[in-house]
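# Architecture and fold: a report
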There are 2 protein chains.
Amino acid sequence: MFESPVPHDPPIYRRIADGLRARILSGELRDGDRLPGENALMADYSIARATARQALAVLINEGLAVPKRGSGVYVRLFKPIRRHGSRRLARDQWGEGRAIWDADTRGRPFTVDEVEVLREEVPEDVADILDSREAWTRRRRYSVDGRPVQLATSYFPARAVEGSAITTADTGPGGVYARLRDLGLAPAHFTEEIRARMPAPRETELLGLPGGTPVIVIARTAYTAGGMPVEYNEMVLDSAAYVLQYDFDA
Amino acid sequence: MFESPVPHDPPIYRRIADGLRARILSGELRDGDRLPGENALMADYSIARATARQALAVLINEGLAVPKRGSGVYVRLFKPIRRHGSRRLARDQWGEGRAIWDADTRGRPFTVDEVEVLREEVPEDVADILDSREAWTRRRRYSVDGRPVQLATSYFPARAVEGSAITTADTGPGGVYARLRDLGLAPAHFTEEIRARMPAPRETELLGLPGGTPVIVIARTAYTAGGMPVEYNEMVLDSAAYVLQYDFDA
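Not measured: the values here are computed from a predicted model.

Mapping chain A onto chain B calls for a rotation angle of 180° and an axial translation of 0.1 Å; the resulting RMSD is 0.1 Å. With respect to symmetry, the two chain copies, as superposed, fit the operation of a two-fold axis.

Attention now goes to the pairing of strand 2 (residues 72-75) of chain A. Residues and elements named next belong to chain A. Judged from the four bridges that link them, strand 1 (residues 65-68) and strand 2 form a sheet pairing that is antiparallel. Paired with Pro-67 across the bridge in strand 2 is Val-73. Here strand 1 hands over to strand 2 after three residues, with Gly-70 in that stretch at a positive phi of 75°.

Take the sheet that holds strand 3 (residues 81-84) of chain A next. With mixed pairing, eight strands are arranged side by side in an open sheet as 3(A)-10(A)-7(B)-8(B)-9(B)-6(B)-5(B)-4(B). Every interior strand has two partners, whereas the edge strands, strand 3 of chain A together with strand 4 (110-121) of chain B, have only one. The sheet shows a mean angle of 20° between the axes of neighbouring strands, direction not considered. For strand 3 of chain A and strand 10 (residues 242-249) of chain A, the ladder comprises four bridges, and the chain directions are parallel. Looking across to strand 10 of chain A, one finds that Arg-82 of chain A is bridged to Val-243 of chain A. The strands touched by helix 8 (residues 175-182) of chain B within the sheet are strand 5 (134-144), strand 6 (147-157), strand 7 (187-197), strand 8 (215-224) and strand 9 (229-238) of chain B, with strand 7 of chain B carrying the most contacts at an inclination of about 145°.

Looking now at the packing of aromatic side chains. Within the structure shown, the criterion is met by nine aromatic pairs over all chains. For the pair Tyr-155 of chain B and Tyr-232 of chain B, a centre-to-centre distance of 6.1 Å together with 25° between the ring planes defines the contact as stacked. Of this pair, Tyr-155 of chain B sits in strand 6 while Tyr-232 of chain B sits in strand 9, placing them 77 residues apart in sequence. Its relative accessible area of 6% is what places Tyr-155 of chain B among the buried residues. What makes Tyr-232 of chain B buried here is its relative accessible area of 8%. Each member of the aromatic cluster is reached from another via a ring pair, and the members are Tyr-177, Phe-190, Tyr-246 and Phe-248 of chain A together with Tyr-177, Phe-190, Tyr-246 and Phe-248 of chain B. Positioned over the ring face of Tyr-74 of chain A is Lys-68 of chain A, at 4.6 Å from the centre of the ring.

The rules behind the values
- Counting from 1, residues in each chain are numbered in the order their sequence is written.
- Naming scheme: in the order in which they are written, chains are lettered from A and ligands are numbered from 1.
- Confidence filtering applies because this is a predicted model: local features only for residues at pLDDT of at least 70, side-chain atom pairs given and counted only at 80 or more, and all residues used for totals across whole chains, interfaces and linings.
- Side-chain numbers here rest on the full set of heavy atoms in the structure, without hydrogens or water.
- The copies are overlaid by a least-squares fit using only the C-alpha atoms of residues whose pLDDT is at least 70 in both copies.
- For two strands to be treated as a pair, DSSP must find no fewer than two bridges joining them.
- Numbering of helices and strands runs from the N terminus, with a helix taken as a DSSP run of H or I at least four residues long and a strand as a DSSP run of E at least two residues long.
- Where helices are involved, their axes are fitted lines through C-alpha atoms of the stretch in contact, as for all axes, and angles between N-to-C directions lie from 0 to 180°.
- Here a residue-residue contact requires only that any non-hydrogen atoms of the pair lie within 4.5 Å.
- Here is the rule: rings of Phe, Tyr and Trp (six-membered ring for Trp) pair when centre to centre is within 6.5 Å. Planes less than 30 degrees apart are stacked, more than 60 are edge-to-face, and the remainder are tilted.
- The cut-offs for exposure are 20% and 50% of the maximum accessible area for each residue type, with area from a 1.4 Å probe on protein chains only; residues under the lower value are buried, those over the upper are exposed, and the others partly exposed.
- Ring-over charges, as used throughout, are those where CZ of Arg or NZ of Lys falls within 6 Å of the ring centre and within 35 degrees of the ring normal.

Here is the structure:
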């Protein structure tokens, strides 16, 4: 955090949030517990409703609490998913038939739903990246510990993957990267671009995002050793559920 | 973007935002131009004020426009900074006395201000990472094209850097990494952790963030070849100003 050299007293709403956060992190308040409501905070601290709301909003924005309509604000603990940029895409992961998601979740249960697989004409920016106007597109939603955490849309150049399991719902052991390898198009290089923004309404709905939670957008392109683009994948992540990690050398 | 297989008509506020965005991206509306106000949108589309506000909020959230108090909403174009995770920290960058920031901005003018250098006791999580309770801390703000884009706080284990230029405002050619090398502590490995969240009030102020703009937080640890942690740097980025890029192999 960037702070002034002369320490200021933080504003009251922040001190209240700090206190509640400490009670959550110490385990005194637990997952699913109801936080003190606006009325209780107003009475306890002699503050206005807007200030009480601000204090609760801090914890909601930090992903430590979630509002339920008409019922209050509840502790929502969720161990962030550590997504390791390079390790998860190492060839010995998908090459041995493991799902890339196993590397992310380290044994935590994950599910995939809202799956769509279709052949379509793609937007111009995607066509430019893939060097193909037609693509096989795979959309899906990932949930971990029962919580939706990511929407992903992968595009594959249509002619390159026609007739393979990439065009069907179940892609088999090792997933799409193992199938690309079977086609002689094994991914060798990856570029990931990362942005953050507020979610679109449909993303809010599908990820069940509380107000004030941004999304992280990862746009990854996979290339063969020969430099041919074989996949463009746009992932939309609940920012409260993820830490992205990248390791590299000087 | 994640979309339903059956296309829905987007809501009216989104269609208005789409139209304005197209006019911005086509160059019809230019940097600094005033967008149609709430009253104009209400009259043109027969919509409520809340809907007009929602349409403008979409463009503000996307970093394409900025509200000015009492005056309206203006186009704010800013070519995103492409921050290349590994290339910018390559040894031949700082080893030859170049600032790492030159790699990010590719010739665009950048300035550094709000600089503070102090010796201090650090928070427990930082102490754990650096294996030192005392650190030399360097805080600063970076601006590109006159716009504040990043706050950064670097911590160095106090005993390791005592007496070096790292403890002074001007660190000389190649910056802190070249000075660590001079001390026999050249960074060899980096770990970056990336998160996104809404900004704290002080971050909003120092970065001049319009409402609804999240920040990206990068926490980087630099290690020597022997595995000694020599810097922990926490960077807070205006998400509308940045694209982070990471390249790696399968």
